[in-house]
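Secondary and tertiary structure notes
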Number of protein chains: 2
Amino acid sequence: MAFELEVERERLIPDTSVFTNPDVYREFGNSPNEAFANFLELVAKAPNVKVYMPSSVYDELKKMLKNPKIPPKARAVFRVKSPKKYEIQIPAFLLYELIDDIRQRINKGLRVAEEAVRASAHKSPDEILNALRRKYREALREGIVDSKEDIELILLALELDGLLLSADRGILNLADKMGIRWIPPEEIRDTIEGLIYSP
Amino acid sequence: MAFELEVERERLIPDTSVFTNPDVYREFGNSPNEAFANFLELVAKAPNVKVYMPSSVYDELKKMLKNPKIPPKARAVFRVKSPKKYEIQIPAFLLYELIDDIRQRINKGLRVAEEAVRASAHKSPDEILNALRRKYREALREGIVDSKEDIELILLALELDGLLLSADRGILNLADKMGIRWIPPEEIRDTIEGLIYSP
């Protein structure tokens, strides 16, 4: 057989949530560490499929999983690579949507804080503070990308024309707006098996 | 004289703050309306200089100034035009900086809200709520672009390679990061006079 240049047929870009969210990792193993190893071994069976992860996301994963092991058979499929963030360009209208979304969340956050102050007359401070933190977090954080790692995942998927795997609604929403391919968490296993059986 | 194609030598892109912030508009007139008219008349004396304004910003200005008049002599220099937001691309690293900045502000907003709840034990609700609104606003809004109009100004300056005129620190910060030309409010008048006297 002559030397063949490998063409990457698919590039999977998983978020940490795939290995830390119990609803997702249980498809692959009984613990996050086992799930990570099994996920990579499964991908290794699919011809010309690679897994890419930005270094910031891999660092996060290593912290969460303590000592994640990459099985020797799967070494060649796992690639740590950050997006070329100083080269990539994104459409300006995304900035509008983001600013608009954040503005509404900021207003909602103030209403949550005002409610907490008004409730202080007839509840204990600890009770108030706990409810405040929860509601404020919901108002300002949920369903929106809110970290450097989230942005790196999305930009890497954009740069590589990869398939984004995540259980995070904020990440998937933004990815969808940008025309990035993604699948919901419950379809991850079937998707990889599809890549194995129909090469 | 043969027909000459007009080359635009400079494009000025003023924010509403130029006509509504007393420290700035007093350079041009005693009231916002007078300042707006005088600003345009001054620009009209400079050869091949135009003033561009996104329609959203002009709408805002019309609301603030009630019935702003464009002097007949200056009609030809004032152009309402929004940026091509579905075509313009911006560098992805800006998204990182924005998300990072907002994340820090969101954390600060929560601390402001917690303080307000703790202070509720020994102050009147009205006093607490007023301080909360002021501090929350400072934490989440000041020094950052926080409206569609702000973004339109910046993108229009980018698209037209224009000179941004504003008294808003958030707008100027972002413009500077993007390599857009801008001048501080106190140099606006001198800059226009410079364009008149050295054509």
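As a starting point, this report considers the structure included with it. Not measured: the values here are computed from a predicted model.

**Topic: the nonpolar core**
- Phe39 of chain A together with Phe39 of chain B are the most contacted members of the largest nonpolar core, which totals 142 residues.
- Discounting chain neighbours no more than four positions away, the residues touching Phe39 of chain A are Leu12, Pro14, Phe19, Phe28, Val51, Leu165, Ile188 and Ile192 of chain A.

**Some remarks on the sheet that holds strand β3 (residues 78–80) of chain A**
Residue and element names in this part refer to chain A.
- Here five strands make up an open sheet; going across it, the order is β3-β2-β1-β5-β6 and the pairing parallel. The strands lining the two open edges of the sheet, one partner per strand, are β3 and β6 (181–183). Neighbour to neighbour, the strand axes of the sheet diverge by 30 degrees on average, direction disregarded.
- Strand direction decides the pairing type here: strand β1 (residues 10–14) and strand β5 (residues 163–165), joined by three bridges, are parallel. Counterpart to Ile13 in the pairing with β5 is Leu164.

**Some words on helix α4 (residues 55–64) of chain A**
Residue and element names in this part refer to chain A.
- For α4, the complete set of buried residues consists of Ser56, Val57, Tyr58 and Leu61.
- Taken together, the buried residues of α4 touch β1, α1 (17–20), α3 (32–44), β2 (49–53), β3 and α7 (148–160).
- Immediately downstream of α4, the backbone of Lys66 shows phi near 60 degrees, a positive value.

**Observations regarding the pattern of salt bridges**
- Inspection of every chain in the model, using the stated rule, returns 22 salt bridges over all chains.
- Here Glu193 of chain A makes a salt bridge to Arg189 of chain A, at a shortest N to O gap of 3.0 Å. With a gap of four residues between them, Glu193 of chain A and Arg189 of chain A both fall in helix α9 (residues 188–197), about one helical turn apart.
- Under the relative-accessibility criterion, Glu193 of chain A is labelled partly exposed at 23%.
- Here Arg189 of chain A falls in the partly exposed class, since its relative accessible area comes to 25%.
- In this structure, the salt-bridge partner of Lys62 of chain B is Asp59 of chain B, at a minimum N-O distance of 3.8 Å. With Lys62 of chain B and Asp59 of chain B both in helix α4 (residues 55–64), this residue pair falls three residues apart, about one helical turn.
- Judged by its relative accessible area of 34%, Lys62 of chain B falls in the partly exposed class.
- Within the structure, one salt-bridge network assembled from shared partners comprises Glu8, Arg11 and Arg79 of chain A.

**Notes on the packing of aromatic side chains**
- One pass over the full model with this rule turns up twelve aromatic pairs over all chains.
- Here the aromatic rings of Phe19 of chain A and Phe36 of chain A are separated by 5.1 Å at their centres, their planes lie at 85 degrees, and the arrangement is edge-to-face. Of this pair, Phe19 of chain A sits in helix α1 while Phe36 of chain A sits in helix α3; the two residues are 17 residues apart in sequence, bridging distant segments of the chain.
- Exposure remark for Phe19 of chain A: the relative accessible area of 0% places this residue in the buried category.
- Here Tyr58 of chain B and Phe78 of chain B contribute two aromatic rings whose centre-to-centre distance is 5.1 Å and whose plane-to-plane angle is 65 degrees, an arrangement assigned as edge-to-face. Of this pair, Tyr58 of chain B sits in helix α4 while Phe78 of chain B sits in strand β3 (residues 78–80), and the two are 20 residues apart along the sequence. Taken as a pair, Tyr58 of chain B and Phe78 of chain B share a single burial class, namely buried.
- Members of the aromatic cluster, connected to one another through ring pairs, are Phe19, Phe28, Phe36, Phe39, Tyr58 and Phe78 of chain A.
- The ring of Tyr96 of chain B has Lys85 of chain A sitting right over it, with the charged end atom 4.2 Å from the ring centre.

Definitions and limits used
- Residues numbered from 1 in each chain as written.
- Chains lettered and ligands numbered in written order.
- Predicted model: local features only at pLDDT ≥ 70, side-chain atom pairs only at ≥ 80, totals over all residues.
- Heavy atoms only, no water.
- Core = buried A, V, L, I, M, F, W, Y, C linked by side-chain atoms within 4.5 Å.
- Buried < 20%, exposed > 50% of the residue type's maximum accessible area, 1.4 Å probe, protein only.
- Contact = heavy atoms within 4.5 Å.
- Pairing = 2+ DSSP bridges.
- Helix = DSSP H or I, 4+ residues; strand = E, 2+ residues; numbered from the N terminus.
- Axes fitted to C-alpha atoms, helices over the stretch in contact; angles between N-to-C directions.
- Salt bridge = Lys/Arg side-chain N within 4 Å of Asp/Glu carboxyl O.
- Phe/Tyr/Trp six-rings, centres within 6.5 Å; stacked < 30°, edge-to-face > 60°.
- Lys NZ or Arg CZ within 6 Å of the ring centre and 35° of its normal.

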